Amino acid sequence: RAPRRGLRGVLLLLALLLVGALALGRAEDDGGFARHLSRARTAFEQKDYDRAVREYRAAYHIRQAPGLLLNLGQAHRMMGNAADALGYYQMYLLKEPQPRADVVTELEAYIKQLDALSETAAARKKEIMSTLARLRLVPQDVAGRLPRQGGDSYAESLWKAAESGQATAPLR
């Protein structure tokens, strides 16, 4: 009887090891999704929104869960990136088949706020370009062609200089 108990014990141990190995294999099969999600949540809690965005994007690349779009929107909103936050919120509402009513209500309020911020920012940039052209810091014909949302380092440097009051070198 002693050898049978020993055999049962060995078989039980092997079964437990097999179950553990299968569980570990499944955890690794998620492609790092859980790891990225955990890192993103930690970064968000620590108010490291840039890192949170990177980790949420990495997680979304692995698994396109609509809730990640909501999280990306929140991180961008916390960083002050109204246009990006708005885009992620709208994508979330399009991709989430059954969003909770309270989340929809909250997002609709955020979307209204972000739309207003975007319009205000666009109006402010237009006003700055007009001022730059009037002060001859940039030719009038160029002012209308410069990008309004970044992407061009010359235009961005003009925006920043004008907004900070440092644009003092007129064109000749």
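Owing to the predicted nature of the structure, the values given are computational and were not obtained by experimental measurement. (Residues numbered from 1 in each chain as written. Predicted model: local features only at pLDDT ≥ 70, side-chain atom pairs only at ≥ 80, totals over all residues. Heavy atoms only, no water.)

**Student:** What am I meant to see in the packing of helix α2 (residues 33-45) against helix α4 (residues 66-79) here?
**Tutor:** When two helices pack together, you describe them by how their axes are tilted relative to each other and by the distance separating the axes. Contact pair α2 / α4: the axes reach a minimum separation of 12 Å and the direction vectors enclose 30 degrees. By the angle between their directions, the pair α2 and α4 is classed as roughly parallel. At the point where α2 passes α4, the crossing takes the left-handed sense. Counting all contacts with α2, which are made through Phe33, Leu37 and Phe44, the residues of α4 involved are Leu68, Gln74, Ala75 and Met78. Split into classes, the residues belonging to the contact of α2 with α4 amount to six nonpolar, one polar and no charged. (Axes fitted to C-alpha atoms, helices over the stretch in contact; angles between N-to-C directions. Helix = DSSP H or I, 4+ residues; strand = E, 2+ residues; numbered from the N terminus. Parallel < 35°, antiparallel > 145°, perpendicular 65-115°, else oblique. Left-handed = near helix turned anticlockwise from the far one by under 90°. Contact = heavy atoms within 4.5 Å. Nonpolar A, V, L, I, M, F, W, Y, C, P; charged D, E, K, R; others polar.)

**Student:** Before we go on, may I ask you to explain the pattern of salt bridges in this structure?
**Tutor:** In this structure the tally under the stated criterion is two salt bridges. Across the pair aspartate 48 and arginine 51 runs a salt bridge whose closest N-O atoms are separated by 3.2 Å. Using a relative accessible area of 25% as the deciding quantity, one classes arginine 51 as partly exposed. (Salt bridge = Lys/Arg side-chain N within 4 Å of Asp/Glu carboxyl O. Buried < 20%, exposed > 50% of the residue type's maximum accessible area, 1.4 Å probe, protein only.)

Structural measurements only, silent on function.
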